[in-house]
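Geometric and topological summary
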Amino acid sequence: MILLLVLVAAGLCCPPRAAAQENPYFVAYSHHLEEPGNLEVEVYSIYGTQKAGGDFIAPWMELEYGVTAWWTTEFYIDSQTTFGDSTVFTGTRWENRFRPLMREHWINPVLYVEFENTTDADKTLKEVVGIDNQFDAAEPNSEANRSHTHEIETKLILSSDYKGWNFSENFIGEKNLGHEPWEFGYALGVDRPLRLAATPRPCNFCRENFILGAEMYGGLGTVKAFSLSGTSHYVAPIAALQLPNGVTLSVSPGFGLNDNSHRFLLRWGMSYEIGGFGRKVRSLF
Amino acid sequence: MGRLLIPTLLLLALVAATAGAAREWKIDDRGVLMVIAKAPVKTRARKNPYEGQPDAVAAGEKLFRQHCAECHGDDARGLGRAANLRSSLVQNATPGELAWFLRNGNLPAGMPPWAGIPEQRRWQIIAYIKSLGTPAQ
């Protein structure tokens, strides 16, 4: 909460500087990486309903840094509160995204590698893979938080821009470093600003700063049973406001598409882009 | 081992992030020329649909301050190794060449591609850059 207030204050006080061009997806990724040297501080939360347990809120924080123009690294801290149960810290994640091609193409690939050190109590639902379903989240926190999982997650991100629209397709492969099989999933995203050209005057709430879109994501089974059987799927519209000072506010109600899915998810968040962070840090040494 | 892994990975990330600390980057605007030279012929001849429109120049200036000034400076003369956008190399480039360069960037040199912002806005930025002209010697 304190961090959120700091971000809001920073967003209101700081002069217009680095505005991100990343798409405001919660689950899917586009090929647009963090600008080199910029640090983006992001605070997100998800509220979810579940049949077999109390509803939950899972906040997480992201620190995203553009190492180069073709490499973005990101660190996550996850937690969750289940109503009628408890609040727990559920782990950390470290992700890296690489652009193998140096130019823009019709379809732009990005390679994604993430290491997860989380517990089974993690409910951030940043990806849905294998036969993940809402009943996984019903285990009491006291038990679920005892079970640590170390996982490697890989994604092939394909993304295109066309006439102001972005179309992103992610193919996910996740491997528990224990003796679990590979699990697969997908995420699709599409979005567009409400106005393509900018207006001459500075403005916060004009149409050019609003982005609307939608995501769809779900599991695709495991390497042993690559199918839709037992998997869960979601569709989620997105609305975002990208303020010129680097603050982005986003919200996304999500709806489960079958009985395995949480019936309703609500994601919201805020990010703040600190331009030239790397240069400022380097100047200290 | 598991407990050490995350701190180790974070340390590696920090080292990578500050890897450029000891380097003294030279400003070399010829790099822009070399990249622009790779632009396909048909894109070089493209006209800026906003050319000569004062509103587009004003919108471009606004966008420049949001997206570009961090590296190229408020006066567009370039900071660090970012190119001086007032240089004759940039000012003599055609709008089509600049549009191609802005869309594709120069990833090895640290210039990100700006395909994530709509094409109309990229043309507005180019209208602003062209309005700067080459400074008097």
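Note that the structure is a prediction, hence the values are computed from the model and not measured. (Residues numbered from 1 in each chain as written. Chains lettered and ligands numbered in written order. Predicted model: local features only at pLDDT ≥ 70, side-chain atom pairs only at ≥ 80, totals over all residues. Heavy atoms only, no water.)

1. Let's talk about the overall build of chain A
Secondary structure assignment for chain A yields 3 helices and 12 strands. Over its C-alpha trace chain A gives a radius of gyration of 19 Å, about what one expects of a compact globule, namely 19 Å for 285 residues. In terms of its C-alpha atoms, chain A occupies a principal-axis envelope of roughly 50 × 40 × 40 Å. Across the 285 residues that make up chain A, the buried fraction comes to 55%. Looking at chain A alone, contacts between residues at least 24 apart form 61% of all its contacts between residues at least 6 apart. Carbon and sulfur atoms form 66% of the exposed surface of chain A, whose accessible area is close to 12,200 Å². (Helix = DSSP H or I, 4+ residues; strand = E, 2+ residues; numbered from the N terminus. Rg over C-alpha atoms; globule rule 2.2 N^0.38 Å. Buried < 20%, exposed > 50% of the residue type's maximum accessible area, 1.4 Å probe, protein only. Contact = heavy atoms within 4.5 Å. Areas by Shrake-Rupley, 256 points an atom, 1.4 Å probe, with all protein chains shown as cover.)

2. Some details on empty space enclosed by the protein
Scanning the model with the defined rule gives 2 cavities of 30 Å³ or more in all. Of the pockets and cavities examined, the largest cavity occupies roughly 350 Å³. Contributing to the lining of the largest cavity are 28 residues, with E22, N23, Y25, E42 and Y44 of chain A lying nearest its centre. Elements supplying a minimum of two residues to the lining of the largest cavity: strand 1 (39-48), strand 2 (56-68), strand 3 (71-82), strand 11 (247-256) and strand 12 (264-274) of chain A. With 4 residues, strand 12 of chain A is the largest single contributor of residues to the lining of the largest cavity. Class assignment for the residues of the lining of the largest cavity results in 10 nonpolar, 9 polar and 9 charged. The computed volume of the second largest cavity comes to approximately 60 Å³. In terms of lining residues, the second largest cavity is bounded by Q21, H31, H32, L33, E34, E35, P36, A69 and R99 of chain A together with P112 and P113 of chain B. Looking at the lining of the second largest cavity residue by residue, the classes come out as 5 nonpolar, 3 polar and 3 charged. (1 Å grid on protein atoms, 1.4 Å probe; cavity = no way out; pocket = protein on both sides within 12 Å on 5 of 7 lines; lining within 4 Å. Points joined across faces, edges and corners; volume = space filled by probe spheres on them. Nonpolar A, V, L, I, M, F, W, Y, C, P; charged D, E, K, R; others polar.)

3. Details of a nonpolar patch on the surface
Residue and element names in this part refer to chain A. A grouping of W106, I107, Y162, W165 and F167 is seen on the molecular surface, where their side chains present a nonpolar patch of about 590 Å² in accessible area. Following the sequence through the fold, W106 ends up in the loop between strand 4 (87-98) and strand 5 (108-119). Taking relative accessible area as the criterion, W106 reaches 67% and is therefore assigned exposed. (Patch = residues over 30% accessible without salt bridge, like charges linked within 9 Å, V, L, I, M, F, W, Y side chains within 5 Å. Salt bridge = Lys/Arg side-chain N within 4 Å of Asp/Glu carboxyl O.)

4. Considering the layout of surface pockets
Put simply, the second largest pocket is a space of about 1,100 Å³. Surrounding the second largest pocket, 46 residues form its lining, D161 of chain A together with A115, I117, E119 and R122 of chain B being those nearest its centre. If you list the elements that add at least two residues to the lining of the second largest pocket, you get strand 6 (148-162), strand 7 (165-176) and strand 8 (183-193) of chain A together with helix 3 (41-44), helix 4 (54-67), helix 7 (95-104) and helix 8 (119-132) of chain B. Across the lining of the second largest pocket, the residue classes tally to 17 nonpolar, 15 polar and 14 charged.

5. Section: the pairing of strand 9 (residues 210-222) of chain A
All names here are of chain A. Bridging between strand 8 and strand 9 involves 10 bridges; their strand directions are antiparallel. Residue pairing for strand 9: E183 is matched across the bridge by T222. Looking at chain direction, strand 9 and strand 10 (residues 233-242) are connected through 9 bridges and run antiparallel. Residue pairing across strands places L212 opposite A239, the latter belonging to strand 10. (Pairing = 2+ DSSP bridges.)

6. Some details on the interface of chain B and chain A
Taken together, the 42 residues of chain B in the interface contact 45 residues of chain A. Taken over both partners, the interface formed by chain B and chain A buries close to 3,600 Å², and the fraction arising from carbon and sulfur atoms is 61%. It is K62, E70 and L107 of chain B that lose the most area in chain B upon contact with chain A, and together they represent 19% of the buried surface on that side. Put simply, E70 of chain B and R279 of chain A hold a salt bridge, and the shortest N to O gap is 3.0 Å. Among the secondary structure elements, those contributing two or more residues to the side of chain B that touches chain A are helix 1 (2-17), helix 4, helix 5 (69-72), helix 7 and helix 8 of chain B. (Buried area = accessible area lost by both parts, 1.4 Å probe.)

7. Some words on the confidence of the model for chain B
Residues and elements named next belong to chain B. Looking at chain B as a whole, its pLDDT mean stands at 83, while 74% of the residues score no less than 70. With pLDDT under 50 throughout, residues 20-27 is counted as low confidence; its partners more than four residues away or in other chains account for 8 contacts. Taken over the whole predicted complex, pTM reads 0.88, whereas the ipTM for its chain interfaces reads 0.88. (pLDDT = per-residue confidence, 0-100.)

8. Digging into the pattern of salt bridges
Residues and elements named next belong to chain B. Under the counting rule described, the total for this entry stands at 16 salt bridges over all chains. Of the charged contacts, one joins D74 and R65 as a salt bridge, the two residues approaching to 3.8 Å between their closest N and O atoms. Its relative accessible area of 44% is what places D74 among the partly exposed residues. Since its relative accessible area comes to 30%, R65 is described here as partly exposed. A salt bridge links R77 to D75; its shortest N-O distance comes to 3.4 Å.

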